[in-house]
Amino acid sequence: MFKGILTEFKKFAMRGNVIDMAVGIIIGAAFGKIVDSLVKDVIMPPIGLLLGKVDFTNLFLVLKDGATPAPYNSLAAAQAAGAVTMNLGVFVNAVISFLIVAFAVFILIKAINELQAKMDAKEKKEEIATTKKCPYCCSEIAINAVRCPHCTSEVPCEKTDTKKKK
């Protein structure tokens, strides 16, 4: 029984979709760390400087004092004292990180959609024509037809089996 479950799991795990998803999750986690560092170490310090030397990681409200009463110099000091805090700066950093990741995913999806549209257009161009329009009744007829089955008009025969659609 266990061997059957193991075999079924192995079959499931070796599917292309699952492996692609795993690679995506791993790359996404690494990308998340890069974005987190970008926000904390590159973007937020200049913004904090412009707003009067505010360090967003230490922007918090004390809801309840800890073992030692407020004021606390940093979020770490408040948490070490056991104070209950609302961590606004951490939240702002998380929102900015999310916006950066969302924008990067948007750019990626936009590029993929453009490539897909180009590939679809190329495939459509390369399709072989199998029908043509009757010049008299405008019905679709076989490309090698000499008479229209709809209006029975004689249609000039085109010997272009390999002609591509436009």
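Treat the numbers as computed from the prediction; the structure is a model and nothing was measured. (Residues numbered from 1 in each chain as written. Predicted model: local features only at pLDDT ≥ 70, side-chain atom pairs only at ≥ 80, totals over all residues. Heavy atoms only, no water.)

J.: Explain the confidence of the model for the protein to me, please; I cannot follow it from the model alone.
T.: As a note on interpretation, predicted positions should not be read in detail where pLDDT is low. Confidence along the protein averages 83 in pLDDT terms, with 91% of residues attaining 70 or more. Model confidence for the protein, summarised as mean pLDDT per element, is weakest for helix H1 (residues 2–13) at 79 and strongest for strand S2 (residues 84–86) at 93. Counting contacts from residues 161–166, a segment whose pLDDT is below 50, to residues more than four positions away or on other chains yields 15 contacts. (pLDDT = per-residue confidence, 0-100. Helix = DSSP H or I, 4+ residues; strand = E, 2+ residues; numbered from the N terminus. Contact = heavy atoms within 4.5 Å.)

J.: Looking at this structure, I do not really get the environment of Phe60. What am I missing?
T.: Tracing the backbone shows Phe60 in the loop between helix H2 (16–50) and strand S1 (61–64). Accessibility expressed as a relative area gives 15% for Phe60, which makes it buried. Sequence-wise, Phe60 and Val101 are 41 residues apart; in three dimensions their C-alpha atoms are separated by 24 Å. Phe60 has contacts with Tyr72, Ser74, Leu75, Ala78, Thr85, Met86, Asn87 and Leu88, leaving out every residue within four places of it along the chain. (Buried < 20%, exposed > 50% of the residue type's maximum accessible area, 1.4 Å probe, protein only.)

J.: How do you make sense of the nonpolar core when you look at a structure like this?
T.: Soluble globular proteins tend to bury their nonpolar side chains together. Core analysis: the largest hydrophobic core is formed by 6 residues, namely Phe60, Tyr72, Leu75, Ala78, Ala81 and Ala83. Core analysis: the next-biggest nonpolar cluster, separate from the first, contains 5 residues, Cys134, Ile141, Cys148 and Val155 among them. (Core = buried A, V, L, I, M, F, W, Y, C linked by side-chain atoms within 4.5 Å.)

J.: I tried to follow the side chain of Ser139 on my own but got confused; where do I start?
T.: Among the structural elements, Ser139 can be located in the loop between strand S3 (131–133) and strand S4 (140–142). Since its relative accessible area comes to 18%, Ser139 is described here as buried. Ser139 has contacts with Lys132, Lys133, Cys134 and His150, leaving out every residue within four places of it along the chain.

J.: Is there a simple way to think about the pattern of salt bridges in this case?
T.: If charged atoms from side chains of opposite charge come close, those side chains can pair. Under the counting rule described, the total for this entry stands at 4 salt bridges. Of the charged contacts, one joins Lys40 and Asp36 as a salt bridge, the two residues approaching to 3.4 Å between their closest N and O atoms. Here Asp36 and Lys40 lie together in helix H2, a separation of 4 residues that amounts to about one turn. Looking at Lys40, the relative accessible area reads 40%, which means it is partly exposed. One salt bridge connects Glu114 with Lys110, and the closest N-O pair in it is separated by 3.9 Å. One end of the pair, Glu114, and the other, Lys110, are both in helix H4 (residues 88–126), 4 residues apart, so they sit about a helical turn from each other. (Salt bridge = Lys/Arg side-chain N within 4 Å of Asp/Glu carboxyl O.)

J.: Looking at this model, I keep getting lost on the side chain of Thr85. Mind explaining?
T.: Along the chain, Thr85 falls in strand S2. By relative accessible area, which is 18% here, Thr85 ends up buried. Within the structure, the side chain of Thr85 is placed 2.8 Å from the side chain of Asn87, a separation counted as a polar contact. If we ignore the near neighbours within four places in the chain, the residues touching Thr85 are Phe60, Leu61, Val62, Leu63, Leu75, Ala78 and Gln79. (Polar contact = N/O pair within 3.5 Å; in protein donor to acceptor, adjacent residues only side chain to side chain.)

J.: What is the right way to look at a nonpolar patch on the surface in this model?
T.: A contiguous nonpolar surface patch, about 490 Å² in accessible area, is contributed by Leu59, Leu61, Leu63, Val84, Met86 and Leu88. The set of elements that each furnish at least two residues to the nonpolar patch consists of S1 and S2. Here Leu88 lies in helix H4. With relative accessibility at 32%, the residue Leu88 sits in the partly exposed group. (Patch = residues over 30% accessible without salt bridge, like charges linked within 9 Å, V, L, I, M, F, W, Y side chains within 5 Å. Areas by Shrake-Rupley, 256 points an atom, 1.4 Å probe, with all protein chains shown as cover.)

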